[in-house]
Amino acid sequence: MTASIIIGALIFGYATFTLFKFFKKSKQGACAHCSLKNNCQSSCNTVLKK
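Since we're looking at a predicted model, the values are computed, not measured. (Residues numbered from 1 in each chain as written. Predicted model: local features only at pLDDT ≥ 70, side-chain atom pairs only at ≥ 80, totals over all residues. Heavy atoms only, no water.)

## What to know about the overall build of the chain
Consideration 1: A count of helices and strands for the chain gives 1 helix and 0 strands.
Consideration 2: Across the 50 residues that make up the chain, the buried fraction comes to 4%. (Helix = DSSP H or I, 4+ residues; strand = E, 2+ residues; numbered from the N terminus. Buried < 20%, exposed > 50% of the residue type's maximum accessible area, 1.4 Å probe, protein only.)

What follows is the structure in structure tokens.
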């Protein structure tokens, strides 16, 4: 019983941590997920402005 509670808490904690990281990166914009964000010459402009 105690082991089930500990395992459940670990799973819930990891899911919360993962969601927190995802939302934190999504607020930073498209360049947060770009693997070339430190060397990007186009400033990660993926949308053409008209």
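## A closer look at the packing of aromatic side chains
Consideration 1: Tallying each qualifying case throughout the model produces 1 aromatic pair.
Consideration 2: With a centroid separation of 5.4 Å and 65° between ring planes, the pair formed by F22 and F23 is classed as edge-to-face. (Phe/Tyr/Trp six-rings, centres within 6.5 Å; stacked < 30°, edge-to-face > 60°.)

## Here's the deal with a nonpolar patch on the surface
Consideration 1: Nonpolar side chains collect at one region of the surface, where L19, F22 and F23 lie side by side and expose about 320 Å² of accessible area between them.
Consideration 2: Structurally, the position occupied by F23 is in helix α1 (residues 2-27). (Patch = residues over 30% accessible without salt bridge, like charges linked within 9 Å, V, L, I, M, F, W, Y side chains within 5 Å. Areas by Shrake-Rupley, 256 points an atom, 1.4 Å probe, with all protein chains shown as cover. Salt bridge = Lys/Arg side-chain N within 4 Å of Asp/Glu carboxyl O.)

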